[in-house]
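Chains, contacts and geometry: an overview
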Amino acid sequence: MTGRGQTTCHPYDSPNGGAWEDTVNPTARWPERLAHIAALLRAEGAAVLATSGDDLRTVFAHEVSADTKWRVIFDADAVVRALNGAQVGTPVAAGRWDEQAAFALLTRIDLPDGEALLCALRHGVPFDAIELSTAGSAAELLAMSVGDGRAIADAKHESAQNNDRVALLERLLTGLEETRDASALLARAAEDIASRIGAGGTSIMLVEGNRLRIRASVGIGVPLGHEQRVDEGIAGWVASRGERVVLLGPVDDDRFRGSDPQAGEAVIMPLRAGAEVIGVLNVKRPTDADGFGQKLEVLDAVAGDVARALLAIRRIDGLERDWRSEAALEDVMRHAAANDAEAAARTAASSFGHHAVVVRADDGTLLALHAEDKECREAALEASAKVEAPPGSGVRVGVARHGRPYEPGEEQLAGRAADALGLLAHAGVASAPTRHTGVRVLAVEDHPVMRLGVRALLEREGLVVAGITSTCAEAVDLIAEDEPDVVLLDLGLPDASGPEAVSRIRQVSSSLPIIAFSVERTPEVIRAVLRAGANGFVSKDAPSSQVIAALEAAVQGLTALGPAEARALSRIAEAVPVGDAADEAVEVEADDSEPGAAVPVREPLTPRELELLRYLAEGYTNKEIARAMVLAEDTVKKGVQTLIAKLGATDRTHAVVLALRRHLIE
């Protein structure tokens, strides 16, 4: 304790349980401020008092003994009036402060987390109204100082948290640049979190299907690869609910199964990427005395950063897989187009993770076989014998592997690989093709599989592929840089369709030969693209020899049209729209091939309609026809209605019967 004539301060517990030292600015120099206030009020001593129940305790004092009995100096009424906002002046009887009679003032200091009182004492004369008002202003200044101190402390705390997060984020970004291996990145992240957050143990678990698997661990004692069900334990609860859990001591909670008596304080929070929880961050055993309470916000931010880094790795991996798949499909198609069955099957196996690949013709003939072991060979052979050939493919493909079952998400890639291997059913059927060396072709096609097929066709025929683009804009740029000999132009591009694509190419080259390439070959479409400047038109269902012939003709300055396109273009009357064909009245005449049958008086069936009729005769469904003819299912449905109307039939079966009797199909 100190006697009068000295300046002292004492920490105390504030009403809300926090320490006074945590609420004030440590650089504020409180004793000096009390000395200034005492001089301003012409007081002989001053103090800051804390209310603690019915007691008044000294916090800071100037020229006042720290053990002064304040309740003897101020009665209860004076304290209440001061706490209610009044500036109270009161006489002090001799013996209460010291041996002489004195005078005192008392006023409230408003603090962020409670209240305190400013007191001043002197002998001789009482405090007047001006001095009481001055004491109130001084109390406000002291309160502002406390607020400033709190703001500074909060700013320092937030700055420290941000520094921790920035440092961790920099390490994550560096890790992304150095490695795209998720395990290596997570191991680094777990070490950094444990070091910077002050944790005795850290682990990161990722959601893999219906399991949670440990992918990084520091100081936990659980091996990497350890797994549990997503609905099991605390980590499972956090992953399934997406909510943070803070634990103190052994686990005793009905929400969870299991316990970790050695955990001490622990924080388990979700790794969230958008609305998806992709894993769980577990931080245990704080090494600092303050625990994790002050670090929850930074831990939340760090968990989000880790989740976004993982999502970036997944996206990069996905793009790389897609690129590798496209390159592998191109290799498979090259080998298949060259009739190298063994190389095509081997490439498909090595590129897509199969241990055996078997390709059969539609009649069961074995076209290709690649197997690394007998078990997978037998399984692939059995699968190829059971599977049905997709419409228009002509091959049946069976694959097998051991160690990992096939997942539903692999079906699309398997279908594309089967389409690529389907070229084996057509390679080598005709005599060796005539080579058209030296002609540089720019192909413009937005469908990935069609791009691979077009490249394989052009290179097989000896033409030079000057480029393959998926948009008209890319084609225009390539033509401006290095003009090819001829362009094979798809009419259904994402950035230009029909005659617009032809017109845009004509803007950069007025003489470059252009062959339009489309599934749509109505007279209106053909006329429109020719008017726009195309040198020819060939259908996508035309034989490959016709496509090559059209390109060669265009290079020689000729207009290239197939027989079906020429007939469609020469029609005088326009075709009745498909949607209206079944609704209009139809004039009919007698048909000698079937008594009583009716034949519509209309133009003959187009080659496309004859193709549709053949699929009907073979029993194909609308969905199967749509896939074989590369049409929408609704378009096929309307086309069938048009056929029925043209033939004067009552249904699709009757249409097939009439077509067979009239020798339209065989």
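Model, not experiment: these values are computed from the prediction.

The next thing to look at is the sheet that holds strand β11 (residues 265–273). The strand order across the open sheet formed by six strands is β9-β8-β7-β12-β11-β10, and the pairing between neighbours is antiparallel. The open sheet has two edge strands with one neighbour each: β9 (227–229) and β10 (245–248). Averaged over all neighbouring strand pairs, the angle between strand axes comes to 20 degrees, with direction disregarded. Inspection of the sheet shows strand β7 (residues 199–208) paired to strand β12 (residues 276–286) by seven bridges, in the antiparallel sense. Bridging from a neighbouring strand, T202 pairs with V283 of β12. Together, β7, β8 (211–218), β9, β10, β11 and β12 form the strand contacts of helix α6 (residues 233–241), whose direction differs from that of β11 by roughly 35 degrees.

Our next topic: the pairing of strand β16 (residues 440–444). Judged by how many residues are buried, β16 sits mostly within the fold: four of five residues are covered. Across five bridges, the pairing between β16 and strand β17 (residues 464–469) is parallel. Paired with A443 across the strands is I468, a residue of β17. As a crossover connection, the stretch from β16 through helix α11 (residues 448–460) into β17 is right-handed. For β16 and strand β18 (residues 486–490), the ladder comprises four bridges, and the chain directions are parallel. Among the inter-strand pairings, L442 is bridged to a residue of β18, identified as V487.

Close contact between α11 and helix α15 (residues 544–555) brings their axes to 11 Å; oriented N to C, the two are set at 70 degrees. Between α11 and α15, the crossing angle belongs to the class labelled roughly perpendicular. Across the interface between the two elements, L457, L458 and R460 of α11 pack against S544, V547, I548 and L551 of α15. When the residues that make up the contact of α11 with α15 are grouped by side-chain class, the tally is five nonpolar, one polar and one charged.

Tallied over the full model, the rule gives 21 salt bridges. D77 is the salt-bridge partner of R81, the closest N and O atoms lying 3.0 Å from each other. In this pair, R81 and D77 both sit in helix α3 (residues 76–83), four residues apart, roughly one turn of the helix. Accessibility expressed as a relative area gives 45% for D77, which makes it partly exposed. For E208, the salt bridge goes to R213, with nearest N and O atoms at 2.7 Å. Each of E208, R211, R213, R215 and E227 takes part in a single network of salt bridges with overlapping partners.

What counts and what doesn't
Residues numbered from 1 in each chain as written. Predicted model: local features only at pLDDT ≥ 70, side-chain atom pairs only at ≥ 80, totals over all residues. Heavy atoms only, no water. Pairing = 2+ DSSP bridges. Helix = DSSP H or I, 4+ residues; strand = E, 2+ residues; numbered from the N terminus. Axes fitted to C-alpha atoms, helices over the stretch in contact; angles between N-to-C directions. Contact = heavy atoms within 4.5 Å. Buried < 20%, exposed > 50% of the residue type's maximum accessible area, 1.4 Å probe, protein only. Right-handed = clockwise from strand over helix to strand, strands pointing away. Parallel < 35°, antiparallel > 145°, perpendicular 65-115°, else oblique. Nonpolar A, V, L, I, M, F, W, Y, C, P; charged D, E, K, R; others polar. Salt bridge = Lys/Arg side-chain N within 4 Å of Asp/Glu carboxyl O.

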